[in-house]
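An overview of the molecular structure
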Amino acid sequence: MADKEFDLVVIGGGPGGYAAAIRAAQLDLKVLLIDDRQGDDGKPAPGGTCLNVGCVPSKALLDSSKHYHHIRHDYSEHGINVDDVSMDVGKMIERKRSIVKQLNGGLMQLFKANKIEFANGRGKLLAERRVEVRPHDGDSFTAVGKHVMLAAGSVPFTIPNVEIDGKFIVDNEGVLEFDAVPARMGVIGAGVIGLEMGSVWSRLGAEVVLLEAMDELLGVVDQDLSRAAAREFKKQGLDIRLGAKVSAAEISDNQVKVSYTDKNGDHSESFDRLLVAVGRKAASNGLLAEDSGVELTDRGQVKVDEHCQTSVKNVWAIGDLVRGPMLAHKASEEGIAVVEALATGYGHFNLDTIPWVIYTDPEIAWVGKTEKELKDEGREYRSGSFPFAATGRGLAMGNATGHVKILADAEDDSLLGVQIIGANASELIAECVVAMEFHGTSEDLARIVHAHPTLSEAVHEAALAVDKRAIHKAN
Ligand code: FAD
Ligand code: NAD
């Protein structure tokens, strides 16, 4: 059979690949999108890690567990007394599944509406921009693209002597599917997934112990934020043990026994369930034929330049498969920028203004540089911070934990970084990203009118504090 011809062949239908495919179709390119995920009903499940076993389902469980926690612990302060609260874990998981399914279906409709050809199966890049396509149902074929985009995403790291069995020892997939609240849950890795999913099951009543290899919590985060976060997590009962090196985990009698070493010696702990969340690696396995010509880094990522061009002309790679933060919005915007550049000659994407959000309670969000990074660079800066406890809205909500911190260049006042810990930090960071993307200054944020009473007033006041003129705190 002759090769099928396309303007763009995309391998991987996560937020990187599918957004790129849709944008390419909008720009009148003929597109083939290949994604191998299937739901438990055997139907295609596009949306990648993010939609199926990442961002979306984890946030569904974070929201459900937050409601439960608030009812049990916070409502009485508002004068609301609720008796006989119980948690139906099965219903919570079913709700999460139906949200995922709804969005899988929505994506399939979008592919159809945009006339994207979709293949549910594996794709492999051969030489000369040819792609071998092996659908789960139907015959294999070869597609050739004027351009090919690799968007295969990432898979979890594993660690020696800790084997994922999917029931007792789980990764990010299994932890979304527990059928009951474990009495005692262990987590290896107090990173983003460990903290988010540890929070879910802790709010529902599990005793959660996190074993973290590093000596500090959330090393990439601004130190003021990570210190504040550590305090809050401790208050919530999360037992975070730093400097803990896990050597093995074994299952016996429906328990997982974990052995680890820290500065005080060897320890062992038993858990009902164990989550392994020690980072993720590029899913480059099986993606490239030997003669594809695409080079990998020594970490197995696809090597790309600043335009996401691989070592082969007109073969592009984006998202978790390449350098940069492993975030859904990074993958999407990168893919769209590549497509716009190849179709129109210009695509915009700025790796320096990608917001990060950790959806714990309080939420943690940041953009740009941390204070430590600025110090290491020897850059002169001014900083201003403001606590939510000094905002009327925070107190009215009964959720005034945390603060906003703004870092600006000492000379020209340009915004260098913003860090927020507190309620709705995930939403508040957006105005700071806009300001940074427009090369704004702390003075710009300080001069913009912010509605009262809102949490965004803390952003405003932190900007005023850079110039030591915050109104609602001593400067
Ligand atoms: P993926 O989403 O991994 O998609 C790649 C797709 O390609 C997958 O469907 C894969 O099966 C398919 N594929 C791979 N190889 C082939 C092949 N050879 N042929 C066909 N198909 C193939 N990010 C955020 O921004 N916010 C969050 O809140 C957030 N929460 C997360 C929570 C968890 C538990 C996890 C695990 C991740 C989370 N992330 C979050 C990260 C986010 O999911 C990823 O950064 C994002 O999904 C990367 O998108 P991508 O398109 O590069 O890859
Ligand atoms: P992570 O890099 O955030 O955290 C992994 C943690 O495990 C680190 O703190 C690391 O020091 C620790 N670790 C590594 N090996 C260890 C070992 N042997 N023993 C004990 N600790 C060990 O990775 P993750 O939590 O697996 O998440 C993967 C990625 O997915 C994140 O980096 C992020 O890019 C993405 N993600 C994003 C969000 C979000 O945006 N809210 C949520 C979840 C995941």
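Worth saying up front: this structure is predicted, and the values here are computed from it rather than measured.

The next point concerns helix α1 (residues 15-26). An α-helical turn contains 3.6 residues, so a residue and the one three or four places further along point in the same direction. The terminal C-alpha atoms of α1, which comprises 12 residues, lie 16 Å apart, in line with the 16 Å expected from a rise of 1.5 Å per residue. Of all 12 residues in α1, nine are buried, a share of seventy percent or more. Looking at the packing, one finds that the buried side of α1 touches β1 (4-11), β2 (31-35), α2 (48-53), α4 (89-113), β5 (141-150) and α7 (328-344). The positive-phi residue at the C-terminal boundary of α1 is D28, with phi of around 70°.

With respect to spatial proximity, 22 residues lie near ligand 2, and among them I193, E212, G279, M326 and V357 are the closest. With respect to ligand 2, the backbone of V192 contributes an N or O atom lying 3.1 Å from an oxygen atom. For ligand 2, an oxygen atom lies 2.8 Å from a polar atom in the backbone of I193. A total of 830 Å² of accessible area belongs to ligand 2 in isolation, and the protein chains cover 76% of it.

Judged by nonpolar contacts, the single largest core of 36 residues is most densely connected at L61, V175, M185, M197, W201, L275 and I364. Within the residue set of this core, elements represented by two or more residues are α3 (55-73), α4, β8 (184-188), α5 (192-203), β9 (207-211), α6 (223-235) and β18 (363-368). What L275 contacts, discounting residues up to four positions off in sequence, is V170, D171, N172, V175, M185, G186, V187, I188, I193, G194 and M197. Of all hydrophobic cores here, the second largest spans 30 residues; its members include V367, V418, A425 and A463.

For the rest of this paragraph, the subject is the domain arrangement of the protein chain. Segmenting the protein chain into domains produces domain 1 (4-156 + 281-351), domain 2 (169-278) and domain 3 (362-466). For domain 1 versus domain 3, the distance between C-alpha centres works out to 31 Å. Each partner contributes to the interface: domain 1 provides four residues, whereas domain 3 provides four residues. Across the domain 1/domain 3 interface, buried area totals approximately 270 Å², and carbon plus sulfur atoms make up 27% of it. Scanning the region where domain 1 abuts domain 3 turns up zero salt bridges. Across the contact surface, domain 1 and domain 3 share two residue pairs in polar contact (both at pLDDT 80 or more). Looking at the side of domain 1 that touches domain 3 residue by residue, the class counts come to no nonpolar, three polar and one charged.

In helix packing, the relevant descriptors are the interaxial angle and the interaxial distance, both defined with respect to the helix axes. At a closest axis distance of 7 Å, the pairing of α1 and α7 adopts a crossing angle of 30°. The orientation of α1 relative to α7 falls into the category roughly parallel. Seen from above, α1 lies across α7 with right-handed handedness. Contact residues: α1 offers P15, G16, A19, A20, R23 and A24, while α7 offers A328, A331, S332, G335, I336, V339 and E340. Grouping the constituent residues of the contact of α1 with α7 by class yields eight nonpolar, three polar and two charged.

By definition, the strands of a sheet pair up through backbone hydrogen bonds, in either a parallel or an antiparallel sense. Pairing in this open sheet of five strands is parallel, and the strands run β7-β14-β8-β9-β10 from one edge to the other. In the strand order of this sheet, the two ends are held by β7 (169-170) and β10 (239-241), each with one partner. Two elements, β8 and strand β14 (residues 273-276), share four bridges in a ladder whose sense is parallel. Residue pairing in the sheet places M185 in a bridge with R273 of β14.

The antiparallel open sheet is built from three strands, whose spatial order is β11-β12-β13. Either end of the sheet is taken by a strand with one partner, and the two such strands are β11 (245-252) and β13 (265-271). The sheet shows a mean angle of 20° between the axes of neighbouring strands, direction not considered. Bridge analysis of β11 against strand β12 (residues 255-262) gives seven bridges, and the strand direction is antiparallel. Note that in β12 the partner of K245 across the bridge is T261.

Criteria and thresholds
- Residues numbered from 1 in each chain as written.
- Chains lettered and ligands numbered in written order.
- Predicted model: local features only at pLDDT ≥ 70, side-chain atom pairs only at ≥ 80, totals over all residues.
- Heavy atoms only, no water.
- Helix = DSSP H or I, 4+ residues; strand = E, 2+ residues; numbered from the N terminus.
- Expected span 1.5 Å × (residues − 1).
- Buried < 20%, exposed > 50% of the residue type's maximum accessible area, 1.4 Å probe, protein only.
- Contact = heavy atoms within 4.5 Å.
- Near = heavy atom within 4 Å.
- Polar contact = N/O pair within 3.5 Å; in protein donor to acceptor, adjacent residues only side chain to side chain.
- Areas by Shrake-Rupley, 256 points an atom, 1.4 Å probe, with all protein chains shown as cover.
- Core = buried A, V, L, I, M, F, W, Y, C linked by side-chain atoms within 4.5 Å.
- Domains from an automatic or database assignment.
- Buried area = accessible area lost by both parts, 1.4 Å probe.
- Salt bridge = Lys/Arg side-chain N within 4 Å of Asp/Glu carboxyl O.
- Nonpolar A, V, L, I, M, F, W, Y, C, P; charged D, E, K, R; others polar.
- Axes fitted to C-alpha atoms, helices over the stretch in contact; angles between N-to-C directions.
- Parallel < 35°, antiparallel > 145°, perpendicular 65-115°, else oblique.
- Left-handed = near helix turned anticlockwise from the far one by under 90°.
- Pairing = 2+ DSSP bridges.

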